[in-house]
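Structural features, examined
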Amino acid sequence: MEIVLILAVLVLLFGAKKLPELARGSGRALRIFKAETKGLAHDEDDESTKTPEQREIEARSQAQADAEARAQAQAQREAQGEAQHRNVGE
């Protein structure tokens, strides 16, 4: 019932001659979108298709993650050292 109502509104808004054109255009757009999203999923793994800017951003992100990991490891070592120092003093 709802589909009939929606179709009737579409016919009134766009006219019967425009509906097939709109449907074709929408179908093409969806096919292109689907193909592009699949392509993007495969491109993420392919280093040869990345731009220099993308490589630079990834390198910066990796360097920042490495620096954060080193800082966290250092903080843990310092905390363990302080805990051992307190235990020795007791």
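Let me begin by describing the structure that accompanies this report. (Residues numbered from 1 in each chain as written. Predicted model: local features only at pLDDT ≥ 70, side-chain atom pairs only at ≥ 80, totals over all residues. Heavy atoms only, no water.)

Looking now at the pattern of salt bridges. Counted under the stated rule, the structure contains 2 salt bridges. Two residues, Lys18 and Glu21, come together in a salt bridge whose shortest N-O distance is 3.9 Å. On the criterion of helical spacing, the pair formed by Lys18 and Glu21 is a turn pair, its members being 3 residues apart in helix α2 (residues 18-43). You can call Lys18 partly exposed: its relative accessible area is 46%. In this structure, the salt-bridge partner of Glu56 is Arg60, at a minimum N-O distance of 2.4 Å. With Glu56 and Arg60 both in helix α3 (residues 52-89) and 4 residues apart, this pair spans about one turn of that helix. With relative accessibility at 57%, the residue Arg60 sits in the exposed group. (Salt bridge = Lys/Arg side-chain N within 4 Å of Asp/Glu carboxyl O. Helix = DSSP H or I, 4+ residues; strand = E, 2+ residues; numbered from the N terminus. Buried < 20%, exposed > 50% of the residue type's maximum accessible area, 1.4 Å probe, protein only.)

Taking 1.5 Å per residue as the helical rise, helix α1 (residues 2-14) with its 13 residues ought to reach 18 Å, and the 18 Å between its terminal C-alpha atoms agrees with that figure. With 0 of 13 residues buried, α1 lies mostly on the surface of the structure. After α1 finishes, the residue Gly15 shows a positive phi value of roughly 90°. (Expected span 1.5 Å × (residues − 1).)

Read these as layout, nothing more, since geometry by itself doesn't imply function.
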